[in-house]
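Here's the letter readout for the chains.
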Amino acid sequence: MIALPEPKAEVLARRDDIVAGLRALLPADAVIAEPERLRPYETDGLTAYRQIPLAVALPSTTDEVAAVMAFCHREGVRVVPRGAGTSLSGGALPLADAIVIGLMRLNRILSVDYADRVAVVQAGVTNIGITQRVQEEGFFYAPDPSSQLACMIGGNVNMNSGGAHCLKYGVTANNLLGLRIVTVEGEIVEIGGAHLDAAGYDWLGLLTGSEGQLAIVTEVTVRILRSPEGARAMLAGFRANEVAGACVDAIISSGIIPVALEFMDRPAIHACEAFAHAGYPLDAEALLIIEVEGSVEEQDRLLGQIRTICERFDPVSLRVAQTAEESAAIWKGRKGAFGAVGRISPDYLCMDGTIPTSRLPEVLGRIGAMSREYGLQVANIFHAGDGNLHPLIMFDANDPASMHKAECFGADILKLCVEVGGCLTGEHGVGVEKRDLMDVQFTPTELDQQRRIKSAFDPGWLLNPHKVFPLAAAAA
Amino acid sequence: MSVLAPESEAELAASIRSAWEAGEPLAIQGNGSKGAMLRPVQAARTLSTRALSGISLYAPNELILEAGAGTPLATVEAAVAAAGQQIIAEPPDLSALLGASSVQTIGGVVAANLSGPRRVAAGAMRDHLLGIRAVNGTGEVIRSGGRVLKNVTGLDLCKLLAGSHGTLGVLSAVTIKVLPAAESAGTLVLGGLDPARAVAALSAALGSPYGVSGAAFLPAAAAARVPALAGLGASATLVRIEEFAVSVAYRTARLRDDLARFGRADLLDDPASRAVWRAVRDVVPLAGGSGETVWRVSVRPSSGPAVLEAAEAAGGCGMLDWGGGLVWITAPTAAAEAVMAGARAAGGTWMLMRAPETLRAVLPVVPPEPPALARLTRAVKAAFDPKGILNPGRVFAGV
């Protein structure tokens, strides 16, 4: 288990005063302090870690957020921001001496401008909510993390969320124009706007993916895009991971950049097929799902070219969707992957490293060896175009030994990702989960540089503490 | 003025370390092609990255390229073109506009975050910057990002240093994402629209499902300076598609129908398209002008026409890119207040790209920041460069 710091007794002792202070700032229903009502906030998507916070504040406006931040700053109380609580890295895990600021009541879409292709939304709007609002006009918001039905745009900004389609459309950072933030002192600041490339330092870029370390995000100006005429998927199964990897290389080298290029290994194929009955080939060692966009004729042409490339690699299965329904069937298994693995194992850890795409076969081979060594099953799902690997490690959380092994296995995978030239996290963030691995990727000098930036925004280290930076560095 | 040109990252770090120990400010540059931009830097010595040159890694199948910061941009462009790829942000060559005789470097393009017409559809230089190596103001080597396409590990110093104009750290190497170059390009040209009508047409094009990768408006005077458009004798509204050749044909035909309410569009073929967009990218129509100042204003696209008109009313002239959101203006010195007021009224931002040195030293070359952001700017500057020796005053006086 990853160590959490001892709460400050001095803050715990002032709990009643702090709660009273919050109640003076917010409507009665916006402050939660009763232990049984705090329970839903004790964890996020990293459910192995739980901690009841001191209290929860649920502001409805940026002004209320600013008032809460000014109060906490004055009182020296630590703050954990929270959107929908879907973080897989423990980004929203509370502390016993911290209040949680839940942003889910800031849930309004403030404006949509189709001519300028921007929308201004509050932090608690769900990712899918933006697309749902603009899709009747044929537009969409591009980043599509797996949790998009629940996760909120404020959380997406803080974690720089990706998704299955970022090979073409980029991640959250590439789809933002402006932010409204509240500083740790409680000051409201506008960053960027509805225009591209604001002058001065790139605050937008720095804040995106900063995991709640620098400020609280309350409003976001996003770019909205016109949807393509259509999209269609195909599926190709291969005899070995190496062969599928070589096929990915060949597709990219041909000059075609598919909008999505997903890879599943044998355990993932079997788990998904048993769950979703998507018609995946059970005799394949590796499966690619490839999606292209454009008019029907353009889709036909691109899928035909990709099919020809795949045929050079002796596929055991090749299926090109002819309709939107067939396309949805191909995606059904992949989209249900987490549920599928959840059905064959009581618990699983969803890892998230990135590797150079050319090292995939070697990395999968070594993960397989580790799996045998640890005696834990693993299924691998991979955004093959951009090198983002999601090993799902299956374990039993009721067995502390199994849990410990799973965490060690996960850490070994991430170290391997760094060793081959990749990184600890492609889209889930560092959070608590990967905090103590940061010195595998960064030198002490580099961590100090990041720490000084954190201190420039948050001199007292009140914002989302004990995340991202190793505890020793954070305490220095 | 003496120029230091270290030949390795270790030498670069040692140079900065000794400048830090001595408290000596350094003017930071690649080849100095952007010296006309922003504020003049007061420093006895110049530190150039030009000797940190060369492509250290290029993996076309992984879509990545790493090069020393001092590598000429043209060298990088030639290498990726040979593999059928391109730098997706389409960085401009502003040497004619800025009156520079030197060749720009990849580090300079990143440090200035300069992007061309494709920025509106495919992102800026900073969006395709995967990794950096840099030396901070105390001589420490700092890496951020890496050589993979997706990376959220730690704070994103790549984006922070891109566009920081050498004031936070000196880049020694950069890793960028590259993508396949489109097989073909085609451009629709609508003649004779006024700016507001033109931007409406560009918005319709960018809001279409056809993947428009360029959307610009050249007033008649600007269009007259581009050979392929001079015959129009009127303003030119330009919409580009870059795709496989058959898709260019299909998509331009569909777009032409969609845009019929704005007039009959002519189609420029692939070579003519490339020439026209190179001219737009490099702001050629404004390069030879007699204007004393050149401004780059970024606003929401629908505000572009108003910014352009404000500049014209003050004696300037200009052109629009990025669907109307990027306004290039050349104007007499006396128009400075009008240009800035126009940008401010539109809720946008500006950058003074060229002006006499005396003017650049006194004008806000970018909009002044509100107090809270100005505080953060100073604090973050101090976090990298505590003695303020890297390009002091380049963007903001005293920073």
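Residues numbered from 1 in each chain as written. Chains lettered and ligands numbered in written order. Predicted model: local features only at pLDDT ≥ 70, side-chain atom pairs only at ≥ 80, totals over all residues. Heavy atoms only, no water.

A separate point is the overall build of chain B. When helices and strands are counted, chain B shows 16 helices and 17 strands. Over its C-alpha trace chain B gives a radius of gyration of 21 Å, about what one expects of a compact globule, namely 21 Å for 399 residues. On the principal axes, the C-alpha backbone points of chain B span a range of 65 × 50 × 35 Å. Considering chain B as a whole, with its 399 residues, one finds that 62% of them fall into the buried category. For chain B, the computed accessible surface area is about 12800 Å², with 54% contributed by carbon and sulfur atoms. Here chain B carries 35 positive and 31 negative side-chain charges, and the mean point of each set is 4 Å from the other. (Helix = DSSP H or I, 4+ residues; strand = E, 2+ residues; numbered from the N terminus. Rg over C-alpha atoms; globule rule 2.2 N^0.38 Å. Buried < 20%, exposed > 50% of the residue type's maximum accessible area, 1.4 Å probe, protein only. Areas by Shrake-Rupley, 256 points an atom, 1.4 Å probe, with all protein chains shown as cover. Lys, Arg positive; Asp, Glu negative; His and termini not counted. Charge placed at Lys NZ, Arg CZ, Asp CG, Glu CD.)

Next up on the list: the packing of aromatic side chains. Residues and elements named next belong to chain A. For the coordinates displayed, the defined rule picks out nine aromatic pairs over all chains. Pairing Phe263 with Phe382 gives two aromatic rings, centres 5.8 Å apart and planes at 90°, and the pair type is edge-to-face. Highlighted residues: Phe263 in strand β13 (residues 260–265) and Phe382 in strand β18 (residues 378–383), separated in sequence by 119 residues. Residues Phe263 and Phe382 agree in their burial class; the two are buried. Where Tyr374 meets Phe409, the ring centres are 5.2 Å apart and the plane angle is 15°; that geometry is what we call stacked. (Phe/Tyr/Trp six-rings, centres within 6.5 Å; stacked < 30°, edge-to-face > 60°.)

Two measures define how a pair of helices packs: the angle their axes make with one another and the distance between the axes. All names here are of chain A. Between helix α10 (residues 266–276) and helix α13 (residues 337–344), the shortest axis-to-axis distance is 8 Å and the interhelical angle comes to 95°. Classified by the interaxial angle, the pair formed by α10 and α13 is roughly perpendicular. Only Ala337, Gly339, Ala340, Val341, Arg343 and Ile344 of α13 make contact with α10, whose side of the interface consists of Ala271, Cys272, Ala274 and Phe275. A per-class count over the contact of α10 with α13 returns eight nonpolar, one polar and one charged. (Axes fitted to C-alpha atoms, helices over the stretch in contact; angles between N-to-C directions. Parallel < 35°, antiparallel > 145°, perpendicular 65-115°, else oblique. Contact = heavy atoms within 4.5 Å. Nonpolar A, V, L, I, M, F, W, Y, C, P; charged D, E, K, R; others polar.)

Here we take up the interface of chain B and chain A. Contacts between the two partners involve 75 residues from chain B, matched on the other side by 86 residues from chain A. Between chain B and chain A, roughly 6400 Å² of surface is buried when both sides are summed, and carbon and sulfur atoms account for 56% of that area. The largest per-residue losses of area from chain B upon contact with chain A belong to B:Lys150, B:Val152 and B:Leu155, which jointly make up 14% of the total buried on that side. The interface formed by chain B and chain A holds 11 salt bridges in total. One can count 35 residue pairs in polar contact (both at pLDDT 80 or more) joining chain B with chain A. Per element, the largest residue contribution to the side of chain B that touches chain A is 10 residues, and it comes from helix α16 (residues 371–384) of chain B. (Buried area = accessible area lost by both parts, 1.4 Å probe. Salt bridge = Lys/Arg side-chain N within 4 Å of Asp/Glu carboxyl O. Polar contact = N/O pair within 3.5 Å; in protein donor to acceptor, adjacent residues only side chain to side chain.)

What follows concerns the sheet that holds strand β2 (residues 26–29) of chain B. Pairing between sheet strands relies on hydrogen bonds along the backbone, with the strands arranged either parallel or antiparallel. All names here are of chain B. Taken together, three strands build an open sheet; the order of strands is β1-β3-β2 and the sheet is parallel. The two strands at the open ends of the sheet, each matched to only one other strand, are β1 (2–4) and β2. The mean inter-strand angle of the sheet, taken between neighbouring strand axes irrespective of direction, is 30°. Here helix α1 (residues 9–22) sits on the sheet in contact with β1, β2 and β3 (45–48), set at roughly 155° to β3. (Pairing = 2+ DSSP bridges.)

Next up on the list: the state of the cysteines. Enumeration according to the criterion identifies zero disulfides over all chains in this entry. Between B:Cys158, a cysteine without a disulfide, and A:Cys423, which holds the nearest cysteine sulfur, the sulfur-to-sulfur distance is 11 Å. (Disulfide = S-S within 2.5 Å.)

Right, let's talk about the sheet that holds strand β4 (residues 98–102) of chain A for a bit. Residue and element names in this part refer to chain A. Taking strand neighbours across the sheet as the criterion, the four strands line up as β1-β2-β4-β3 in an open arrangement whose pairing is mixed. Here the strands that pair on one side only, and so sit at the sheet edges, are β1 (31–32) and β3 (78–82). Bridge count between β3 and β4: five bridges; the pairing is parallel. Directly across from Arg78, in β4, lies its bridge partner Ala98. Strands β2 (55–57), β3 and β4 of the sheet are contacted by helix α4 (residues 62–75), whose axis makes an angle of about 170° with β4.

Turning our attention to the pairing of strand β8 (residues 176–182) of chain A. Where a strand is regular, its side chains alternate between the two sheet faces. Residue and element names in this part refer to chain A. A large share of β8 lies buried, amounting to six of its seven residues. As paired elements, β8 and strand β10 (residues 216–223) share six bridges and run antiparallel to each other. Each bridged residue has a counterpart across the sheet, and for Arg180 the counterpart in β10 is Glu219. As paired strands, β8 and strand β9 (residues 188–192) are joined by five bridges and run antiparallel to one another. Among the inter-strand pairings, Leu179 is bridged to a residue of β9, identified as Ile191. Linking β8 to β9, which pair antiparallel, is a turn of five residues; within it Gly186 sits at a positive phi near 95°.

Turning our eyes to something else, we now look at the domain arrangement of chain A. A common way to express how large an interface is: the accessible area buried when the components associate. All names here are of chain A. According to the domain assignment, chain A contains domain 1 (9–105), domain 2 (109–226), domain 3 (231–337) and domain 4 (345–430). Facing the 12 residues of domain 3 at the interface are 12 residues of domain 4. Carbon and sulfur atoms supply 64% of the area that domain 3 and domain 4 bury against each other, a total of about 1100 Å² over both sides. The tally of links from domain 3 across to domain 4 stands at zero salt bridges. Inspection of the region where domain 3 meets domain 4 yields four residue pairs in polar contact (both at pLDDT 80 or more). Residue assignment for the side of domain 3 that touches domain 4 shows that the elements contributing at least two residues are α9 (241–253), β13 and α10. The element that contributes the greatest number of residues to the side of domain 3 that touches domain 4 is β13, accounting for five residues. (Domains from an automatic or database assignment.)

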